[in-house]
Protein chains: 4
Amino acid sequence: MVVIMKERASEPQIQAVIAQLMDMGYDVHRSTGANRIVLGAVGGGHGDPQIVEVQDGVQEVHRISVPYKLASRTFRPENTVIAIDDVRIGGDEVIVMAGPCSAESEEQVEASAAAVKRAGAKVLRGGAFKPRSSPYSFQGLGEPGLRMLRAAADRHGLKLITEVMEISQIELVAKYAHVLQVGARNMQNYSLLRELGKARAPVMIKRGISATIEEWLMSAEYVLAGGNTQVMLCERGIRTFETYTRNTFDISAIPVVQQLSHLPVIADPSHGTGRRDKVAPMARAAVAAGADGLIIEVHCDPDHAKSDGAQSMFPAQFERLMAELRIIAPAIGRSLCVEPVARRGWNR
Amino acid sequence: MVVIMKERASEPQIQAVIAQLMDMGYDVHRSTGANRIVLGAVGGGHGDPQIVEVQDGVQEVHRISVPYKLASRTFRPENTVIAIDDVRIGGDEVIVMAGPCSAESEEQVEASAAAVKRAGAKVLRGGAFKPRSSPYSFQGLGEPGLRMLRAAADRHGLKLITEVMEISQIELVAKYAHVLQVGARNMQNYSLLRELGKARAPVMIKRGISATIEEWLMSAEYVLAGGNTQVMLCERGIRTFETYTRNTFDISAIPVVQQLSHLPVIADPSHGTGRRDKVAPMARAAVAAGADGLIIEVHCDPDHAKSDGAQSMFPAQFERLMAELRIIAPAIGRSLCVEPVARRGWNR
Amino acid sequence: MVVIMKERASEPQIQAVIAQLMDMGYDVHRSTGANRIVLGAVGGGHGDPQIVEVQDGVQEVHRISVPYKLASRTFRPENTVIAIDDVRIGGDEVIVMAGPCSAESEEQVEASAAAVKRAGAKVLRGGAFKPRSSPYSFQGLGEPGLRMLRAAADRHGLKLITEVMEISQIELVAKYAHVLQVGARNMQNYSLLRELGKARAPVMIKRGISATIEEWLMSAEYVLAGGNTQVMLCERGIRTFETYTRNTFDISAIPVVQQLSHLPVIADPSHGTGRRDKVAPMARAAVAAGADGLIIEVHCDPDHAKSDGAQSMFPAQFERLMAELRIIAPAIGRSLCVEPVARRGWNR
Amino acid sequence: MVVIMKERASEPQIQAVIAQLMDMGYDVHRSTGANRIVLGAVGGGHGDPQIVEVQDGVQEVHRISVPYKLASRTFRPENTVIAIDDVRIGGDEVIVMAGPCSAESEEQVEASAAAVKRAGAKVLRGGAFKPRSSPYSFQGLGEPGLRMLRAAADRHGLKLITEVMEISQIELVAKYAHVLQVGARNMQNYSLLRELGKARAPVMIKRGISATIEEWLMSAEYVLAGGNTQVMLCERGIRTFETYTRNTFDISAIPVVQQLSHLPVIADPSHGTGRRDKVAPMARAAVAAGADGLIIEVHCDPDHAKSDGAQSMFPAQFERLMAELRIIAPAIGRSLCVEPVARRGWNR
């Protein structure tokens, strides 16, 4: 760590900090500037920079290493590509995952899956266990929902991603889903992350609404440290003072994470904005910024959805968006599902 | 709900919204103002205001009821007082909980417990299962830590509060602790909250670093709805743009929650500021603002603490703080542990 | 306004609020729901909703009209297009403004102007009066800087945009610039905005780093209310908890403002991110989201710039970006400077 | 500055950064740690750390000096006390400034001044030029308002503080007011701050709603650098995601600023909360945290105030608050106006 002393730090204060750093196992370099002393703590030491920061005479302390290792580009310079059969996430193709917020019925799952497949999605999304902020709201269909989702995915040649909310659900959800999703509210549920490190399925970790990029990468580190190397990240909006949109969709996080880490980054413009009419512009923006994939809520009848209806697209809106994305992707040297199935007449 | 139409909303748009509201089961009142139409949806309807908000011609939609029921002052006008033997949280006395971040050893737990008791604390705090943002950090001693904490609490006539991180730990932790703490990162771990609703021990729910006051009360609602009426809330700082302090300690949340809810509100100035030298002024401020209690990290040797050392007070600092608090509490008609044990010479 | 009473509001409390609303000149509609009373205040009244909100028995108050009039789409449904000779801002073409943060010397201004023209920019940006957070930093060249900027713009067939910091500078700056820029820190300098309402030149108002979209539109309203209809808005990043980027570039504000207002929206990815390597992805994202234009810092020698060097692009980076943008714009039915001047070999 | 290189930075990258630092005039110390290189740039160099940060191979750059000089405790270790005749701001006594948001009429000013004097205030607050977010709102009475305020202050033996919004008003306002206030929205109006550096009256700088503590101190630096040493700071709430209160009153900023700077810190709980019923707890909290003074909106008839009525206290509320503050101040070794004038019966 690097310790910057206050301008008027006394020699005994400086000596006390040096002693503390050496006690932590560091070698200490002392640099004397015009106005102040800087101490560089190097070598194999180990200690909490914040404890040094509250010592007398200390102005600031900075770590010199990042706290994540396995998630960093230094550890693995090339991109991680997660392959689920022929669907490759993190490669040249921008992968689109789409579907309803929750499984509600056989018909709704089937109609939604058919619609997203037709438009070019490769992965079906949909929840069976829903984390709801009210104990009185619809909480998901549970295992029957998982079964419906997987059956529809299989019928349409789609892969399935769905959320796992707690340790006891992992085994069950992994029987049905190709990718296990960790929700934003569970991003720092370390017990859950540790168990997912032992799973064999790919894991997608959504960014907590107030998580820094570093904290998000640390959550990935938990899973990676457990031995599961198939981790992808998902930006879904952060909480700011602006309330017009439900969250502020932090598109700049996409290139930032891609520089710091080798893991694929997916963007979720549905939760990122919370309003159906803002999903298309933000989906286009995310692809233009370099996202490796998108996850979008599409419902066959959004106005009667049991959850997230306001941010779910109509199938026809989703089709138009996919056509726009096919123009944008090549601008950054990527492709997007070049051959959609022949369309029939979907109308809003 | 109240639906405010746009100034130029057409009659067909208005009719479509009325139809949708009636379809949701509402009676609709139409008010015609100078420039725009307002629709009041009353009666026994049920539907998602956000779905109405994205309809054509709609400007804004406002709920007319709050989403929490059991946590509200409307449900229970008088204050909830949580009694653990003779320690009454939410009554006239301001209750102070103090102790180390984590149990580290028999000696450290004993020395810290003795110190906080001597200064006038009524409850011992300390963790045995620690949620750490790095998988490589100290994760707590587990059950042996719980045993040390309870033994020290009993020796000194203190009650014990400690964190429970996952469902599978509830039974174990409840064997040792008088109060089960839900950490800020688990505030929206609804599976955990639902199980705690079945527990018989009091539960303290820390506010998530980006949780609104309403979301925080909804987390309490989960526990209350499960049948556990002994819930208290803990303000511990929110995440803002300001980085000098680790968090921004939102003292105004204390009177706001006390107005909206009957549940006791505890303040945690240690996590609220992250710096030992700012704990005392913020503890004083919280009591002056009306907090029902404080939870403060005190360690017998903070500079060698395994976690949170920078924000842990020295015993002598804590004693001085308690003396200041005894002066402040009467300004708002409260008391604070009037008869501390005779002091011996603690020095920093 | 709509007044939602508390569930247990008493009849005298309700009557007191009704009397207050009538005293403010409103007609009052009373709706009785299952659990609570809602009062609709309509007609030609006038009063502060916040005063009603603090009355006994009141739960919430909502305005039913937006506070800006001239800036709203209701007032003017069609897009405002600002024409400066043949440069049309707010039309089909995405207009790019580019150039150095500050004018530093004849050579630097000329080299930068030549570079941005060659890549396809239509407007030269550059400052002569700089608002610097330190009184000890370079504050700009003043009028000689303005003269250099205008001469270079004229030589290359570019228009000029530059910042005006105070009322006494308006006349001078308007002699040289085609567009007057109001900086983010002056967004709520109402005295300045009022004077700019009397100017004849177009005005670009940057969003304050913590301004809500409504506050930003209110600043435009100040200029419009003064009689100057040529106003454009510029998103340049908001302050959030995330510190990796200098600001969080709020791309979702672009479609939101375009829905609420008829004014053109420009995006500034240079200030929006603060890092040269993040400007290109965010510029692409802004165009994909529908921005009417971009304003980008480009410097002939960024590593020696007197201000904002870290976020200034090299000319070669800017050329590559313009090529990418030409692919993206058609995806949303727009164009971008189809015929750039023949390129010569710029290298970084 | 301290430059931390990336773990895999190449030797040519390191050499390029060293050359750049030397080019900026620094001496460079190179420290080789286990995994990465740290470069310490010391001596009389001068350059923008952000330019170094975007070079290839650089991970992070940290300044080693704070950007403010005259405002820092290093420059002046003892507290600044601002004396206006016998009113000493920054000394042992907590000074209370109170009065209406705006001067509205002779009667309103007189009644409000009498009320705040009776309760123990030492300074009258009140505005004549109001920065309003809407061009259609009441903008203040101008010079007649100043005249009323000063006359009432003189009649009651109070000092006067009022806001100055632009350079052209300074001379006029200084004729009437003892203290010139810079509003939160003008905190970074550097032209205004520079002129106030030439004024002879004390200046109070309110913190911008999204200003960091460092930016706030830099605004003080502008005034101090101009030669005016009588500067005080005023915390008035910051903008966060929480919307229940109008702002989040950042009480922790009080002890933080007192540690970094020698300037007095005043707290404004009226703007800090925006709701009359939260002003008293936050005023108590600010004094308990160590504020040197308070500035509070009190109006003789808040429900009919032309501005800020919802956050203005009734005279009787203010009297009760002053009584509570007299108990709290001694807890931290301070006093608060020990001999209020004999009270007569104020009722709400």
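Further up the page is the structure itself.
S.K.: How should the sheet that holds strand 8 (residues 123-125) of chain C be read in this particular structure?
M.R.: Residue and element names in this part refer to chain C. Pairing in this closed barrel of 8 strands is parallel, and the strands run 7-8-9-10-11-12-13-14 around the ring. Averaged over all adjacent pairs, the angle separating strand axes in this sheet is 25°, with direction ignored. Here 3 bridges tie strand 12 (residues 231-235) to strand 13 (residues 265-267), and the two strands are oriented parallel to one another. Its bridge partner lying in strand 13, E235 is registered against A267. Together, strand 11 (203-206) and strand 12 form the strand contacts of helix 7 (residues 213-225), whose direction differs from that of strand 12 by roughly 155°. Running at roughly 170° to strand 14 (residues 293-297), helix 10 (residues 276-289) makes contact with strand 13 and strand 14 of the sheet.

S.K.: Where do I start with the pairing of strand 14 (residues 293-297) of chain A in this structure?
M.R.: For a regular strand, side-chain orientation follows a simple rule: the groups alternate between the two sheet faces. All names here are of chain A. Of all the 5 residues making up strand 14, 5 are buried; the element is thus mostly covered by neighbouring parts of the structure. Sheet topology note: the strand 7 (residues 95-99)/strand 14 ladder contains 5 bridges and is parallel. Bridge pairing links G99 to E297 in strand 14. For strand 13 (residues 265-267) and strand 14, the ladder comprises 2 bridges, and the chain directions are parallel. Paired with I266 across the strands is G293, a residue of strand 14.

S.K.: Explain the interface of chain B and chain C here, please?
M.R.: The extent of an interface is frequently quoted as the accessible surface area lost upon association of the parts. With 24 residues of chain B in contact, the opposing surface of chain C contributes 24 residues. No other element matches the 3 residues that strand 3 (residues 37-42) of chain B contributes to the side of chain B that touches chain C. Among the residues forming the side of chain B that touches chain C, the class breakdown is 7 nonpolar, 12 polar and 5 charged.

S.K.: Just to check I follow, could you spell out the interface of chain C and chain A for this structure?
M.R.: Each partner contributes to the interface: chain C provides 31 residues, whereas chain A provides 31 residues. Secondary-structure elements contributing two or more residues to the side of chain C that touches chain A are helix 8 (253-260), helix 10 and helix 11 (315-328) of chain C. The class makeup of the residues in the side of chain C that touches chain A is 18 nonpolar, 8 polar and 5 charged.

S.K.: What should I look at first to understand the environment of R200 of chain C in this one?
M.R.: Mapped onto the elements of the fold, R200 of chain C is located in the loop between helix 6 (190-196) and strand 11. Taking the C-alpha atoms as reference points, R200 of chain C and E215 of chain C, 15 residues apart in sequence, are found 23 Å from one another.

Reading the values: rules and limits
- Residues numbered from 1 in each chain as written.
- Chains lettered and ligands numbered in written order.
- Predicted model: local features only at pLDDT ≥ 70, side-chain atom pairs only at ≥ 80, totals over all residues.
- Pairing = 2+ DSSP bridges.
- Helix = DSSP H or I, 4+ residues; strand = E, 2+ residues; numbered from the N terminus.
- Axes fitted to C-alpha atoms, helices over the stretch in contact; angles between N-to-C directions.
- Contact = placed C-beta atoms within 7 Å.
- Buried ≥ 20, exposed ≤ 12 C-beta atoms within 10 Å, placed from the backbone.
- Nonpolar A, V, L, I, M, F, W, Y, C, P; charged D, E, K, R; others polar.

Just geometry here; none of it tells us what the structure is for.
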